[in-house]
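Residue-level structure breakdown
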Amino acid sequence: MNVFFSHVAKRGFSTSNFNNAKHSCKVLVVGGGTGGCATAAKFSKILKKNELIILEPSENHYYQPLFTLIGGGISSLSDARKNTKEVLPKNAVWLKDSAAEFNPQSNSVTTQNGDTIEYEFLLVATGLQTDYDKIPGLVAGLNSDTGVCSNYSAKYVEGTYRALQKFENGNAIFTFPNSPVKCPGAPQKICYITDHFLRKVGKRDKANVIYNTSLPVIFGVKKYADALWKVCEERNINVNLRTNLIEVRPDKREAVFQNLDKPEQVTTFEYSMLHVTPPMSTPPALRTCRSLTNESGFVDVDKSTLQSTKFSNVFAIGDCSSSPNSKTAAAAAAQCQVVFKNMKSVMDGKTPVSAYDGYASCPLVTGYSTCILAEFDYNLAPLETFPFNQGRELWSMYLMKKMLMPPLYWNLMLNGWWNGPALVRNLLHLRFPQN
Ligand SMILES: Cc1cc2nc3c(=O)[nH]c(=O)nc-3n(C[C@H](O)[C@H](O)[C@H](O)COP(=O)(O)OP(=O)(O)OC[C@H]3O[C@@H](n4cnc5c(N)ncnc54)[C@H](O)[C@@H]3O)c2cc1C
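The text that follows walks through the structure, step by step, so that each part is easy to find. Note that the coordinates shown come from a computational prediction; the quantities given were computed from them, not determined experimentally. (Residues numbered from 1 in each chain as written. Predicted model: local features only at pLDDT ≥ 70, side-chain atom pairs only at ≥ 80, totals over all residues. Heavy atoms only, no water.)

We now examine the nonpolar core. If you look at the biggest cluster of nonpolar residues, it comprises 142 residues, and the most contacted ones within it are Leu28, Phe102 and Phe219. Among the elements that make up this core, the one with the highest residue count is helix 10 (residues 329–347) (12 residues). (Core = buried A, V, L, I, M, F, W, Y, C linked by side-chain atoms within 4.5 Å. Buried < 20%, exposed > 50% of the residue type's maximum accessible area, 1.4 Å probe, protein only. Helix = DSSP H or I, 4+ residues; strand = E, 2+ residues; numbered from the N terminus.)

Quick look at helix 7 (residues 186–200) now. Because each turn of an α-helix spans 3.6 residues, side chains separated by three or four positions end up pointing in the same direction. For helix 7, spanning 15 residues, the distance from its first C-alpha to its last is 21 Å, which sits close to the expected 21 Å at 1.5 Å a residue. Counting buried positions over the 15 residues of helix 7 gives 12, a clear majority of the element. Buried residues of helix 7: Ala186, Pro187, Gln188, Lys189, Ile190, Cys191, Tyr192, Ile193, Thr194, Asp195, Phe197 and Leu198, and no others. The first or second residue beyond helix 7 is Gly202, which carries a positive phi of 75 degrees. (Expected span 1.5 Å × (residues − 1).)

Near the ligand there are 32 residues, and of these Gly35, Glu56, Ala99, Asp319 and Ala330 occur at the shortest range. A distance of 3.5 Å separates an oxygen atom of the ligand from a polar atom in the backbone of Ala125. In the model, an oxygen atom of the ligand is placed 2.8 Å from a nitrogen or oxygen of the Asp319 main chain. For the ligand, whose free accessible area comes to 1000 Å², the fraction covered by protein is 91%. Those elements that place two or more of their residues in the shell around the ligand are helix 1 (34–44), helix 2 (67–71), helix 7 and helix 10. Across the shell around the ligand, the residue classes break down as 14 nonpolar, 13 polar and 5 charged. Two domains each provide a minimum of three residues to the shell around the ligand, namely domain 1 (5–128 + 282–347) and domain 2 (131–280). (Near = heavy atom within 4 Å. Polar contact = N/O pair within 3.5 Å; in protein donor to acceptor, adjacent residues only side chain to side chain. Areas by Shrake-Rupley, 256 points an atom, 1.4 Å probe, with all protein chains shown as cover. Nonpolar A, V, L, I, M, F, W, Y, C, P; charged D, E, K, R; others polar. Domains from an automatic or database assignment.)

So, about the environment of Val256. As for its position among the elements, Val256 is in strand 16 (residues 254–259). C-alpha separation for the pair Val256 and Leu142, spaced 114 residues apart in sequence, amounts to 16 Å.

Quick look at the sheet that holds strand 15 (residues 243–249) now. If you walk across this open sheet you meet the 3 strands as 15-16-17, and the pairing is antiparallel. If you trace the sheet from one side to the other, it starts and ends with strand 15 and strand 17 (266–270), each paired once. Each neighbouring strand pair of the sheet contributes to a mean axis angle of 30 degrees, computed without reference to strand direction. Alignment of strand 15 against strand 16, held across 6 bridges, turns out to be antiparallel. The partner of Thr243 across the bridge, within strand 16, is Asn259. (Pairing = 2+ DSSP bridges. Axes fitted to C-alpha atoms, helices over the stretch in contact; angles between N-to-C directions.)

Right, let's get into the pairing of strand 22 (residues 371–376). Here strand 22 lies mainly inside the structure; 6 of its 6 residues are buried. Relative to strand 22, strand 21 (residues 360–365) runs antiparallel, the two being bridged by 6 bridges. Within strand 22, the position partnered with Val365 by the bridge is Cys371. Linking strand 21 to strand 22, which pair antiparallel, is a turn of 5 residues.

Moving on, we get to the packing of helix 1 against helix 10. In contact at an axis separation of 9 Å, helix 1 and helix 10 are set at 40 degrees when each is read in the N-to-C sense. The angle between helix 1 and helix 10 places the two elements in the oblique class. Of the two possible hands of crossing, helix 1 and helix 10 adopt the one that is right-handed. Of helix 10, the residues touching helix 1 (which contributes Thr34, Gly35, Ala38, Thr39, Lys42 and Phe43) are Ala329, Ala332, Cys336, Gln337, Val339, Phe340, Met343 and Met347. Residues belonging to the contact of helix 1 with helix 10 are distributed by class as follows: 9 nonpolar, 4 polar and 1 charged. (Parallel < 35°, antiparallel > 145°, perpendicular 65-115°, else oblique. Left-handed = near helix turned anticlockwise from the far one by under 90°. Contact = heavy atoms within 4.5 Å.)

Structurally, Glu56 can be placed in the loop between strand 3 (52–55) and strand 4 (60–62). The side chain of Glu56 sits in the buried core without any salt bridge; Lys96 is the nearest counter-charge, 8.2 Å away. Within the structure, the side chain of Glu56 is placed 2.6 Å from the backbone nitrogen of Gly32, a separation counted as a polar contact. Apart from the residues lying within four places of it in its own chain, the contact partners of Glu56 are Gly31, Gly32, Gly33, Thr84, Trp94, Leu95, Lys96 and Asp97. (Lys, Arg positive; Asp, Glu negative; His and termini not counted. Salt bridge = Lys/Arg side-chain N within 4 Å of Asp/Glu carboxyl O.)

A separate point is the side chain of Asn171. You can see Asn171 is positioned in strand 12 (residues 170–176). Of the residues examined, Asn171 reaches a relative accessible area of 18% and is grouped as buried. Side chain to side chain, Asn171 and Asn208 meet in a polar contact 3.1 Å long. Look past the residues within four positions of Asn171 in its chain and what remains in contact with it is Asn208, Ile210, Glu270, Tyr271, Ser272 and Met273.

Quick look at the structure:
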């Protein structure tokens, strides 16, 4: 067996070609998506190249917030995709492999290829995986041309606009699963875009637009929920709460839903278009490491410091962490500075001092030119950046989502320069205090 101990950094971006190799580093980042890449970029400025390893299996990095616009035919998949090699910090080692086993007791991770990585500090940033196969018939539906689509995967997202264009009449149904999800606003954004699209092409009067959500509310923050209920009423969108998709029958174009409050109540809907937000979970390697995770499989962290509750040298960022914020890239942006500062403190023998307030934002796109920019904290209290009421459908916020946020993500956030809008908010609100 070819087991040896080495720093593999000399080859920069090269991936490990050795089976059962043993690596070591000061900081190991598992997952090079939004949160992992942004925080690794910060560490790459203070560590030597061979001190920072990023474990990430994907060849491509996606700016997932753009998926909503791709589904609506507004942006293209190539706008949302870059090669992972291009976005990860140059001053770090990328191992193109995935974590198969976390061993926090021995400060090591075993990879899918059988390598071992020993670390001094670990940042877990594996995000959430999409579990399309948990709903019988769904994968078959997505892979056939029967009106089933989903914005939640790079594989399927382009099919949404095709389904929209093919729609003639009948039910257009949008779902929200009975599991934690990333960007809880996205399942309904595509519903509003569809409504607007059908109006533009003169088919809206032939369509019955239905939003079936497992949640007991349309949105968790009252201010924005009130605004969204108004949008649904004005546009004749039928909202069914506590209604969970349990089966798709693509051959008959039927979707089966269960009432979560009365499980015996099961209803079958016919559909012409069915947009599914799949159930989601953390990756198995994480879920099965019970010493690191809570009962739901999320990395158990202090919600303020984002430090593991059990291992002081372990932190988590983004969708895989147990911090009870809305899982968004915007939240990861606000978290990355906190995680960086706190990990650095622990490295210096101090205690973590920086605190995350639960900030998350959700640009609720309500059509081809409007958006309600929801921003809020752990208390579900609005935490708005701009000195005007953001609880309205605004063209300016749509432009920001479409034009400003993608370059901000690629150029600032992934290079470790964007920590969310707190600074801008403070500046604007000093001049224009909010009532
Ligand atoms: C349709 C859609 C719309 C969205 N809209 C918005 C929006 O408008 N605004 C917003 O702020 N957010 C939005 N989001 C959410 C946002 O994209 C995520 O919250 C954000 O990407 C989370 O970052 P992360 O680093 O936790 O996870 P990710 O960015 O998903 O990265 C996780 C990484 O971990 C890697 N990984 C997984 N398993 C392993 C393993 N075992 N070992 C090593 N690596 C592993 C993956 O390959 C991936 O690269 C949207 C998401 C979707 C899907």
